[in-house]
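Residue-level listing of the chains:
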Amino acid sequence: MGFDERAKRLRCKVKTQLVEDSGKSYYGMSYDISKTGFATFVRCKEDFIVSELLTNAFVLINFSKLEQLFFDRVFTAIFNLDIPIPPLKAKVVRVENSWLRGFEAFVACKFVDIDAKSAQVIDEYVQRSIPKTAEEPVAAKEGALMRSIGAEGGDTLVFQFPGRYLYVNLAREICAQLAKEAGLNDNDCFKVKVATDEVFTNAFKHGCQEYGTNIITLKVTLDRKGIIVRIRDEAGIAFNYKRYQDFDPLKAKSSGSGLTLVDQFMDGWTVNTRAGEWTEVSFFKNRSQEGKQ
Amino acid sequence: MTVKLSYTTEDFPSIRATVYRLKGTVDSSKCLERFYEHINSNTATLFIFNLKEIDFINSCGFGEFLVLNDSLQNKGKQAVFTDLNPKVKDVFKVLGGLILLKVEASESEVLAKHSAQVKTDGAGRT
């Protein structure tokens, strides 16, 4: 099951509260709302999850228990939006463990019997809030030397991952190792590893549209100059890269610092989007003049 | 994803300080969860986090250090981060860690300073 009208989705941080019939609440932050449903990360501090995480369990362990916690129930969904809609009924259609903020479950929900008026209000809110997407490539890091993506004479390796945060560790290790093969020094390999981690995390966090059927594609090109990494998700949600270039730690919000690391660690990066279909973040790192350390 | 972070501790009761020597990866937002139980029951006032053996940190992990720092400050305690290796230092620099957190070169320096301070405070009492 997935959401319809992929392009008409609101990407913003909205406080969400899922309330059981018994009155127990799960609080979270939603990044996607449409007139048919929403996705959110909800805090889930069940003891069995705490103990498993402390014993280095993989994400999938206790997945069945997590599913039992949320599936086959209808929650009352309350959003912290400045629009007049009553609490809505929502049924969970997908659950995943999330390591992004600790003991969180990523749940995707479809509204149950949403009335026409509420659907219309949400739809209008989404329409007003959707940023203008740009299909043309967006140049980044003005003044810096920026090679065109798609280097000639290099080798490109392509990896496809299911859209699960579980694989970010593997993706960053792959890129770090390939950066080493490309002749980057140890520090630069580390920076490529961090950049890959941050972009892949964002691809999972913001770009997993079908929440289970989506793919995150990683392409790594090694050429004479260094390494180029491209990470593509299947959501097609654009974002303004410029806000990550003037990072002020004293004014920083909880999100966004990851792409600041990409901006500062890499020699250049770009963002390409086809609205509702895919978003690709590309970055590159050249070999330093000193070569390997 | 596995939690790949371990730590050892050393207490200095005479100066109410504890050193936590972290090892591994700080990349998920609850990787420091295990510390909170230990910290909450620790009566030390100075908490030194030695990051020499941290081999990877991302923005999420850095954020957890900020949360940890705030948590200790709210309890009237102090957190100091020491022995940053060059990679960790690069991340701290970009994300403002050198401004937002108390960072010192080494745990031994911090212990020596704190010990001197405790002695001075003790000598000043009548």
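What you see is a predicted model, and the numbers here were worked out from it, not measured in a lab.

Thresholds, definitions, all that
Residues numbered from 1 in each chain as written. Chains lettered and ligands numbered in written order. Predicted model: local features only at pLDDT ≥ 70, side-chain atom pairs only at ≥ 80, totals over all residues. Heavy atoms only, no water. Helix = DSSP H or I, 4+ residues; strand = E, 2+ residues; numbered from the N terminus. Buried < 20%, exposed > 50% of the residue type's maximum accessible area, 1.4 Å probe, protein only. Contact = heavy atoms within 4.5 Å. Areas by Shrake-Rupley, 256 points an atom, 1.4 Å probe, with all protein chains shown as cover. pLDDT = per-residue confidence, 0-100. Salt bridge = Lys/Arg side-chain N within 4 Å of Asp/Glu carboxyl O. Core = buried A, V, L, I, M, F, W, Y, C linked by side-chain atoms within 4.5 Å. Phe/Tyr/Trp six-rings, centres within 6.5 Å; stacked < 30°, edge-to-face > 60°. Lys NZ or Arg CZ within 6 Å of the ring centre and 35° of its normal. Pairing = 2+ DSSP bridges. Axes fitted to C-alpha atoms, helices over the stretch in contact; angles between N-to-C directions. Polar contact = N/O pair within 3.5 Å; in protein donor to acceptor, adjacent residues only side chain to side chain. Expected span 1.5 Å × (residues − 1).

## Considering the overall build of chain A
Check the secondary structure of chain A and you find 6 helices and 11 strands. Buried positions account for 53% of the 293 residues belonging to chain A. Intrachain contacts of chain A at a sequence separation of at least 6 include 67% that bridge at least 24 residues. For chain A, the accessible area works out to roughly 13,800 Å², and carbon and sulfur atoms hold 48% of it.

## Description of the confidence of the model for chain A
Residue and element names in this part refer to chain A. Residues with a pLDDT of 70 or more make up 63% of chain A, whose mean pLDDT is 72. Across chain A, the element-wise mean pLDDT spans from 49 in helix α1 (residues 47-54) up to 94 in helix α4 (residues 168-181). Note on residues 1-8: pLDDT under 50 across the span, and 29 contacts to partners over four residues away in sequence or across chains. Counted against residues more than four places away or in other chains, residues 52-61, with its pLDDT under 50, gives 22 contacts.

## Concerning the pattern of salt bridges
One pass over the full model with this rule turns up 13 salt bridges over all chains. For B:D90, the salt bridge goes to A:K191, with nearest N and O atoms at 3.9 Å. Of this pair, B:D90 sits in helix α3 (residues 86-95) while A:K191 sits in helix α5 (residues 186-207), on two different chains. Residue B:D90 is classed as buried on the basis of its relative accessible area, which comes to 18%. Residue class for A:K191 comes out buried when judged on its relative accessible area of 17%. B:E104 is paired through a salt bridge with B:K113; the nearest N and O atoms lie 3.5 Å apart. Residues joined in a network through salt bridges with shared partners are A:R172, A:D197 and B:D27.

## What about the nonpolar core?
If you look at soluble globular proteins, the nonpolar side chains tend to sit buried side by side. Formed by 68 residues in total, the largest nonpolar core has its most connected members in A:I227, B:L22, B:F49, B:L51 and B:F65. A total of 9 residues in this core trace back to one element, the largest contributor, which is α5(A). Within the second largest apolar cluster, 23 residues are counted, among which are A:I33, A:L69, A:F79 and A:V126.

## Quick word on the packing of aromatic side chains
Taken as a whole, this structure holds 17 aromatic pairs over all chains when the rule is applied. For the pair A:F161 and A:Y167, a centre-to-centre distance of 5.9 Å together with 35 degrees between the ring planes defines the contact as tilted. Judged by its relative accessible area of 5%, A:F161 falls in the buried class. Aromatic ring contacts, followed pair by pair, group B:Y7, B:Y20, B:F47, B:F49, B:F62, B:F65, B:F81 and B:F92 into a single cluster. A cation sits over an aromatic face here: A:R232 above A:W278, 3.7 Å from the ring centre.

## Focus: unusual backbone geometry
Negative phi is the rule for most residues except glycine; trans is the rule for most peptide bonds. In this structure, A:D113 is a non-glycine residue whose phi angle is positive, near 55 degrees. Within the secondary structure, A:D113 sits in the loop between β6 (104-111) and α3 (116-129). A positive phi is found at B:R16, a non-glycine position, where the angle reads about 50 degrees. Within the secondary structure, B:R16 sits in the loop between β1 (5-12) and β2 (17-26).

## Brief notes about the sheet that holds strand β8 (residues 215-222) of chain A
Residue and element names in this part refer to chain A. Within the open sheet, the 5 strands sit side by side as β7-β8-β9-β11-β10. Their pairing is antiparallel. Only two strands of the sheet have a single partner each, and these edge strands are β7 (155-162) and β10 (268-274). Mean inter-strand twist for the sheet, computed between neighbouring axes without regard to direction, equals 15 degrees. Of the pairings in the sheet, the one linking β7 to β8 comprises 8 bridges and is antiparallel in character. Counted as the bridge partner of F159 is L218 from β8.

## A word on the confidence of the model for chain B
Low pLDDT means the predicted coordinates in that region are not meant to be read closely. Of the residues in chain B, 92% reach a pLDDT of 70 or more, and the chain-wide mean stands at 86. Scored as a whole, the predicted complex attains pTM 0.65, and scored at its interfaces, ipTM 0.89.

## Focus: α3(B)
Residue and element names in this part refer to chain B. Within the span of α3, buried status applies to V88, D90, V91, F92, V94 and L95. Sitting at the head of α3, N85 places a side-chain oxygen 3.1 Å from the backbone nitrogen of K87. The first or second residue beyond α3 is G96, which carries a positive phi of 85 degrees.

## Digging into the sheet that holds strand β4 (residues 78-82) of chain B
Residues and elements named next belong to chain B. Strand order in the open sheet formed by 5 strands is β1-β2-β3-β4-β5, with mixed pairing between adjacent strands. Strands at the two margins of the open sheet, each flanked by one partner only, are β1 and β5 (103-104). Packing of helix α1 (residues 33-40) onto the sheet brings it into contact with β1, β2 and β3 (46-57), and relative to β1 it is tilted by some 15 degrees.

## Things to note about the environment of A:L222
Residue and element names in this part refer to chain A. Residue placement: L222 occurs in strand β8. On the basis of relative accessibility, which here comes to 18%, the residue L222 falls in the buried class. Sequence separation between L222 and L178 is 44 residues, and the spatial gap between their C-alpha atoms is 7.7 Å. Leave out the neighbours within four places in its chain, and L222 touches G154, D155, L178, E181, A182 and I227.

## Notes on α4(A)
Residues and elements named next belong to chain A. Taking 1.5 Å per residue as the helical rise, α4 with its 14 residues ought to reach 20 Å, and the 20 Å between its terminal C-alpha atoms agrees with that figure. The set of residues buried in α4 consists of V168, N169, A171, R172, I174, C175, A176, L178 and A179. Of the residues trailing α4, G183 is marked for its positive phi of about 90 degrees.

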